[in-house]
Amino acid sequence: MIATVGFDDDAVVLLDQSRLPGQVQYQRCHTPEQVAQAIREMKVRGAPLIGVVAAFGLALAMLRYQSTESGLDMDQYFNSQRELLASTRPTAVNLFWALERMQRLYRDESHLGARHVALRLLQEARSMYQEDIAVNRAIGENGEALLAPGSRIMTICNAGSLATCGYGTALGVIRSAHARHKIEMVWACETRPVLQGARLTVWELTQDNIPVTLITDNMAGYTMKLGKVDAIIVGADRIAANGDTANKIGTFSLAVLAQYHSIPFYVAAPLSTVDVSLPDGHVITIEERDQDEVRRCADKYITVPEARVFNPAFDLTPHDLISAIITESGVIKAPFESGLRRLKEGR
Ligand code: MRU
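The shown structure was predicted, so the numbers you read here are calculated from the model rather than taken from an experiment.

**Section: empty space enclosed by the protein**
For the coordinates displayed, the defined rule picks out two cavities of 30 Å³ or more. Estimated volume of the largest cavity: approximately 220 Å³. Around the largest cavity, the lining comprises 27 residues; the ones closest to its centre are Arg45, Gly46, Ala47, Asp237 and Asn247. Put simply, the parts of the chain that give the lining of the largest cavity at least two residues each are α2 (47–63) and β9 (245–248). At three residues, α2 tops the list of elements feeding residues into the lining of the largest cavity. Here the residues of the lining of the largest cavity are counted per class, giving 14 nonpolar, eight polar and five charged. There is about 50 Å³ of room inside the second largest cavity.

Encoded structure:
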């Protein structure tokens, strides 16, 4: 299993996903600013992973506290570093979930001194990393039970090992089903503009010898129409209490097409992605990214450089297009709200 993030001596070490599949290269971040920049530039991406990376970034910040000359007291410094990391990407709730968890620990233990709390924060980030892998394996086990032998699954973006600390959410379900010889084919949508499907999902599945076929995003409907898709499984960046789901741009279109073709549409996500403070998805902030992501492909302009562009990174799939939400604690079917709240509260 490829490591997506680690901590080594005095640096957060990240697999630079912007270079995949051409190069497997790790970047050492020696400052929280470098960590924040790596998240912003999507060198690391995927909701669960950016949460854990930000947690490591905050631990790094506190380990550096005495050596910085910020002129801030410890609480002010902690808050400024937390805000720096929180400002990187707005949609995935896992980022805020992870930073809040770190903040709770800080509140409980900061009276024991900077060095003590820094080491405890590092320990907490390492626990999050291990927990994420265990959670993904449980999602995989719960989800694979929904799939029949010979399944042909469509997915979008990359909700795999690369989007997490290992194993993956949507791809975790596919991995578990593959281990039980249930997967005939994975249809990977290329996922313009950043091509996480083409660059990451195809690479990751190929490494594990899981059969995968790449399609451009606009081929999804025709592939379904041909009867070549048995289920669609996607990840999530934020799930509201009623089940409305924000995920990579293009997810909503797949859900509409799935309903038209009577294909089950599953969302696989950890409970840390469920935000029960939001009654529905309409208030979720949808990140808009640099217009050049759309104007360019692999660093080459594919349009006039001054073309006007709309570049939302995510969209919102209404809950009534979702067949089930697969979590580490169980599979929830509609109506989602009572089930999501029950699992979130550990009942
Ligand atoms: O912009 P990205 O690559 O961070 O978007 C990632 C996704 O949309 C994933 O589907 C989601 O974060 C779930 S990853 C397990």
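On we go.
**Some points on the domain arrangement of the chain**
Under the domain assignment, the chain is made up of domain 1 (5–136) and domain 2 (147–344). Taking the mean C-alpha position of each, domain 1 and domain 2 sit 25 Å from one another. With 28 residues of domain 1 at the interface, the matching set in domain 2 holds 34 residues. Roughly 2,500 Å² of surface becomes buried between domain 1 and domain 2 when both sides are summed, with 58% attributable to carbon and sulfur atoms. For the domain 1 face of the interface with domain 2, the top three residues by lost area are Arg45, Thr91 and Asn136, together amounting to 26%. At the surface where domain 1 touches domain 2, the tally comes to one salt bridge. Linking glutamate 287 and arginine 89 is a salt bridge whose minimum nitrogen-to-oxygen distance equals 2.9 Å. Taken together, domain 1 and domain 2 are joined by 17 residue pairs in polar contact (both at pLDDT 80 or more).

**Considerations on the packing of aromatic side chains**
Applying the stated criterion across every chain yields a total of three aromatic pairs. Aromatic side chains tyrosine 65 and tyrosine 77 sit 5.0 Å apart centroid to centroid with 45 degrees between the ring planes, which places their arrangement in the tilted category. Here the residue tyrosine 65 occupies a position in the loop between α2 and α3 (74–86), and tyrosine 77 occupies one in helix α3, the gap between them amounting to 12 residues. A relative accessible area of 3% means that tyrosine 77 is categorised as buried. A cation sits over an aromatic face here: lysine 248 above phenylalanine 314, 4.3 Å from the ring centre.

**Comments concerning the sheet that holds strand β7 (residues 231–234)**
Strand order across the open sheet formed by seven strands is β6-β5-β4-β7-β10-β15-β16, with mixed pairing between neighbours. Both outer strands of the open sheet, β6 (212–215) and β16 (330–333), are each paired with one neighbouring strand and no more. For this sheet, the mean angle separating the axes of adjacent strands, direction not counted, is 25 degrees. Relative to β16, strand β15 (residues 324–327) runs antiparallel, the two sharing four bridges. Looking at the pairing, alanine 324 lines up with lysine 333 of β16. On top of the sheet, helix α5 (residues 114–144) reaches β10 (265–268), β15 and β16; it is set at about 140 degrees to β15, its chief contact. Sheet strands touched by helix α7 (residues 196–207): β4 (151–155), β5 (183–189) and β6. Its angle to β5, the strand with the most contacts, is close to 160 degrees.

**Quick notes on α2**
At 3.6 residues per turn, the α-helix brings residues three or four places apart onto the same side. Taking 1.5 Å per residue as the helical rise, α2 with its 17 residues ought to reach 24 Å, and the 25 Å between its terminal C-alpha atoms agrees with that figure. Most of α2 is tucked away, with 16 of its 17 residues classed as buried.

**Brief notes about the layout of surface pockets**
Approximately 540 Å³ is the volume found for the largest pocket. Looking at the largest pocket, it is lined by 17 residues, and the ones nearest its centre are Ser18, Glu41, Val194, Glu293 and Asp299. Here the lining of the largest pocket is built from residues that sort into five nonpolar, one polar and 11 charged. Three or more residues apiece are contributed to the lining of the largest pocket by two domains, here domain 1 (5–136) and domain 2 (147–344).

**A word on the pattern of salt bridges**
Going through the model one piece at a time under the given rule, you end up with 20 salt bridges. In this structure, arginine 152 engages aspartate 230 in a salt bridge whose closest nitrogen and oxygen atoms are separated by 2.8 Å. One end of the pair, arginine 152, is in strand β4; the other, aspartate 230, is in the loop between α8 (220–225) and β7, and 78 residues separate them in sequence. Between arginine 289 and glutamate 287 there is a salt bridge, with its nearest N and O atoms 2.8 Å apart. When its relative accessible area of 16% is taken as the criterion, arginine 289 is described as buried. Taken together, the shared-partner salt bridges in this structure form one network comprising Arg89, Glu287, Arg289 and Glu293.

**A few points about the site of the ligand**
Near the ligand, the surroundings consist of 17 residues, among which Ala47, Arg89, Asp237, Asn247 and Lys248 are the closest. One of the side-chain nitrogen or oxygen atoms of arginine 45 is found 2.9 Å away from an oxygen atom of the ligand. A distance of 2.6 Å separates an oxygen atom of the ligand from a polar atom in the side chain of asparagine 247. Isolated, the ligand exposes 420 Å² of accessible area, and the fraction of that covered by the protein chains is 100%. Judged by the fraction of its atoms near the pocket grid, the ligand is located in the largest cavity. Listed by contribution, the elements that provide at least two residues to the shell around the ligand are α2 and β9. Of the residues belonging to the shell around the ligand, the class tally is eight nonpolar, five polar and four charged.

Rules and cut-offs
- Residues numbered from 1 in each chain as written.
- Predicted model: local features only at pLDDT ≥ 70, side-chain atom pairs only at ≥ 80, totals over all residues.
- Heavy atoms only, no water.
- 1 Å grid on protein atoms, 1.4 Å probe; cavity = no way out; pocket = protein on both sides within 12 Å on 5 of 7 lines; lining within 4 Å.
- Points joined across faces, edges and corners; volume = space filled by probe spheres on them.
- Helix = DSSP H or I, 4+ residues; strand = E, 2+ residues; numbered from the N terminus.
- Nonpolar A, V, L, I, M, F, W, Y, C, P; charged D, E, K, R; others polar.
- Domains from an automatic or database assignment.
- Contact = heavy atoms within 4.5 Å.
- Buried area = accessible area lost by both parts, 1.4 Å probe.
- Salt bridge = Lys/Arg side-chain N within 4 Å of Asp/Glu carboxyl O.
- Polar contact = N/O pair within 3.5 Å; in protein donor to acceptor, adjacent residues only side chain to side chain.
- Phe/Tyr/Trp six-rings, centres within 6.5 Å; stacked < 30°, edge-to-face > 60°.
- Buried < 20%, exposed > 50% of the residue type's maximum accessible area, 1.4 Å probe, protein only.
- Lys NZ or Arg CZ within 6 Å of the ring centre and 35° of its normal.
- Pairing = 2+ DSSP bridges.
- Axes fitted to C-alpha atoms, helices over the stretch in contact; angles between N-to-C directions.
- Expected span 1.5 Å × (residues − 1).
- Near = heavy atom within 4 Å.
- Areas by Shrake-Rupley, 256 points an atom, 1.4 Å probe, with all protein chains shown as cover.
- Sits in = over half its atoms within 2 Å of the grid points.

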